[in-house]
Amino acid sequence: MAASHIPLLFLLSVSLLSITTTTAHNISAILDGYPEYSLYNSYLSQTKLNDEINSRTTITCLVLNNGAMSALAGKHPLSVIKKALSLLVLLDYYDASKLHDISKGTTLTTTLYQTTGNAPGNLGFVNVTDLKGGKVGFGSAAPGSKLDSSYSKSVKQIPYNISVLEIDAPIIAPGILVAPAPASDVNITGLLEKAGCKTFVSLITSSGVLKIYETAAEKGLTVFAPSDEAFKAPGIPDLTKLSNAEVVTLLQYHALPGYTPIGTLKSSKAPISTLASNGASKYDLTVTTAGDSVTLDTGVDASRVSGTVLDSTPLCIFTVDSLLLPTELFGKSPSPAPSVVPEAAPSPTPVLSPSPTPEISSAPSPLPLSPPAPPTPSPEGSPAGSPDSGAATADSKSAGNVEFNAPTLIKTTLLAASAGLLALVL
Ligand SMILES: *[C@@H]1O[C@H](CO)[C@@H](O)[C@H](O)[C@H]1NC(C)=O
Ligand SMILES: *[C@@H]1O[C@H](CO)[C@@H](O)[C@H](O)[C@H]1NC(C)=O
Ligand SMILES: *[C@@H]1O[C@H](CO)[C@@H](O)[C@H](O)[C@H]1NC(C)=O
Ligand SMILES: *[C@@H]1O[C@H](CO)[C@@H](O)[C@H](O)[C@H]1NC(C)=O
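This is a predicted model, so every value here is computed, not measured. (Residues numbered from 1 in each chain as written. Chains lettered and ligands numbered in written order. Predicted model: local features only at pLDDT ≥ 70, side-chain atom pairs only at ≥ 80, totals over all residues. Heavy atoms only, no water.)

Caption draft 1: Expanded view of the packing of helix α9 (residues 198–207) against helix α12 (residues 244–252). At a minimum axis distance of 10 Å, the contact between α9 and α12 shows a crossing angle of 125°. For the element pair α9 / α12, the angle class is oblique. α12 is crossed by α9, and the crossing has left-handed handedness. Across the interface between the two elements, Phe200, Leu203, Ile204 and Ser207 of α9 pack against Val247, Val248 and Leu251 of α12. Tallied by class, residues from the contact of α9 with α12 come to 6 nonpolar, 1 polar and no charged. (Axes fitted to C-alpha atoms, helices over the stretch in contact; angles between N-to-C directions. Helix = DSSP H or I, 4+ residues; strand = E, 2+ residues; numbered from the N terminus. Parallel < 35°, antiparallel > 145°, perpendicular 65-115°, else oblique. Left-handed = near helix turned anticlockwise from the far one by under 90°. Contact = heavy atoms within 4.5 Å. Nonpolar A, V, L, I, M, F, W, Y, C, P; charged D, E, K, R; others polar.)

Caption draft 2: Representation of the site of ligand 2 in the model. Neighbouring ligand 2 are the residues Asn26, Ser28, Ala29 and Asp32. Here an oxygen atom of ligand 2 and a side-chain polar atom of Asn26 are 2.4 Å apart. In this structure, an oxygen atom belonging to ligand 2 sits 2.4 Å away from a side-chain N or O atom of Asp32. Computed on the free molecule, ligand 2 has an accessible area of 360 Å², of which 38% lies beneath the protein chains in the complex. Taken together, the residues of the shell around ligand 2 break down into 1 nonpolar, 2 polar and 1 charged. (Near = heavy atom within 4 Å. Polar contact = N/O pair within 3.5 Å; in protein donor to acceptor, adjacent residues only side chain to side chain. Areas by Shrake-Rupley, 256 points an atom, 1.4 Å probe, with all protein chains shown as cover.)

Caption draft 3: Looking closely at the environment of Ser293. By secondary structure assignment, the location of Ser293 is in strand β12 (residues 293–297). In this structure Ser293 comes out as buried when scored by relative accessible area, which is 3%. For Ser293 and Ser306, which are 13 residues apart along the polypeptide, the C-alpha to C-alpha distance reads 8.4 Å. (Buried < 20%, exposed > 50% of the residue type's maximum accessible area, 1.4 Å probe, protein only.)

Caption draft 4: Just the pairing of strand β7 (residues 162–167), in detail. The buried fraction of β7 amounts to 6 of the 6 residues, a majority that puts the element mostly inside the structure. Both faces of β7 are covered, namely the face carrying Ile162, Val164 and Glu166 and the face carrying Ser163, Leu165 and Ile167. In this sheet, β7 lies alongside strand β1 (residues 59–63) in parallel orientation, the contact comprising 5 bridges. Note that in β7 the partner of Leu62 across the bridge is Leu165. Inspection of the sheet shows strand β6 (residues 149–158) paired to β7 by 6 bridges, in the antiparallel sense. Within β7, the position partnered with Tyr151 by the bridge is Ile167. The hairpin formed by β6 and β7 contains 3 residues between the paired strands. (Pairing = 2+ DSSP bridges.)

Caption draft 5: The arrangement of the site of ligand 4 in detail. Taken together, Asn187, Gly190 and Glu193 are the residues near ligand 4. For ligand 4, an oxygen atom lies 2.3 Å from a polar atom in the side chain of Asn187. Within the complex, 27% of the 360 Å² of free accessible area of ligand 4 lies under protein.

Caption draft 6: Representation of the sheet that holds strand β5 (residues 136–140) in the model. In space, the 7 strands of this open sheet follow the order β2-β1-β7-β6-β5-β4-β3, with mixed pairing throughout. Across the chains shown, the open sheet's two edge strands, defined by having one partner strand only, are β2 (89–90) and β3 (106–110). Two strands pair when backbone bridges link them, and β1 and β2 are joined in this way by 2 bridges, in the antiparallel orientation. Directly across from Thr60, in β2, lies its bridge partner Leu90.

Caption draft 7: Structural view of the environment of Leu239. Residue placement: Leu239 occurs in the loop between α11 (228–232) and α12. Residue Leu239 is classed as buried on the basis of its relative accessible area of 18%. A sequence separation of 11 residues divides Leu239 from Leu250, and the C-alpha atoms of the two residues are 9.6 Å apart. Residue contacts for Leu239: discarding those within four places in its chain leaves Leu203, Phe231, Val247, Leu250, Leu323 and Phe330.

The following block contains the structure:
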């Protein structure tokens, strides 16, 4: 009995091992030590900007104390606050001495906002100017903008990975406070058609899964839409052989319950649940990251995240270059499962899809024992293709930062082992 778990444990450790990247810093933990930034820190978590910040090096976070943060907090939707805060993350390292040593006293610097693809022109750049009397001013790089924000003090430096500096007011670029359409108004099918995912659109429309997506989108949803080419790839299973319920499950497998932008995907260490996951069937995915390239592993195949169609809290839509084939539907060895894992009480409907639309029979679920395939190396040197991914931007330094970190590695492996043992006991 116990022995049959060893390969699983081993696989678990191996897959953790291969996705462990160097975590140089944890902005949430840094700011936890400063109650005066608690509001800012809480918004970093709510917007998931913390994951994006932690996945990068050579950056500067301009933080606002609780008083200055009140210019944004509670006055705007999360999607707007995310834009405003991402303009405060400079993709370069500035400490106090570098601020006062800018050549010619003024410079434009790229921010995280520039990497989102939502910043037209130079709206994603910030003007840093060394003013007279030791003052340093910050403002939008958009022509005619004032330097409305000033450096007040240094908070923390981990040279040259992250510098945290306090400024006295948010930097407001023209138009940045305009709210994007709320998730409930987003035309998901329209966006997907434009992004080259017509086949996927016709499937989610005809199966009724679009309604499931729309309902989930109000709370948070991440969609992985395969391109039209993905449906023509050689060797993909004949989807017409699937029952309606299986098609629904397959399409639910292409979405996550919750807002998971690219930085958060990159920092996902454990398998992540999809809309198809329920008590009895895992239907999960693992994420592997190589530089800016993010790959989803289903256990049957691997699919690269090829572009960002929309990233607007709480809805994220990505394109992927292959269909995501869950082991539960397409596992190669449907051998009668040894009954080592007592199956949880059958739960007839997937959680999180309270939509009345298609009735979803619990998919024929062989025990989820088909072991996950070893992480497939992602296509080399091909950064996740969209301008949104940050690949095409100034942040070349963050690419290729995947390294092994021995202490973290040992810790995660031990954790994995104890989690596995715990699972055995339970
Ligand atoms: C800075 O980040 C690198 C990885 O990008 C890491 O190896 C190094 O330990 C970090 N430096 C510090 C002082 O934490
Ligand atoms: C970062 O720190 C926060 C608490 O400050 C913690 O909850 C979180 O798990 C940490 N993240 C990582 C990746 O260690
Ligand atoms: C930054 O803004 C100041 C004040 O508007 C301006 O004089 C300066 O030229 C700007 N710097 C750059 C590099 O554009
Ligand atoms: C969504 O976009 C599609 C394609 O552009 C269009 O046909 C459809 O009418 C739009 N739906 C709504 C509700 O606007």
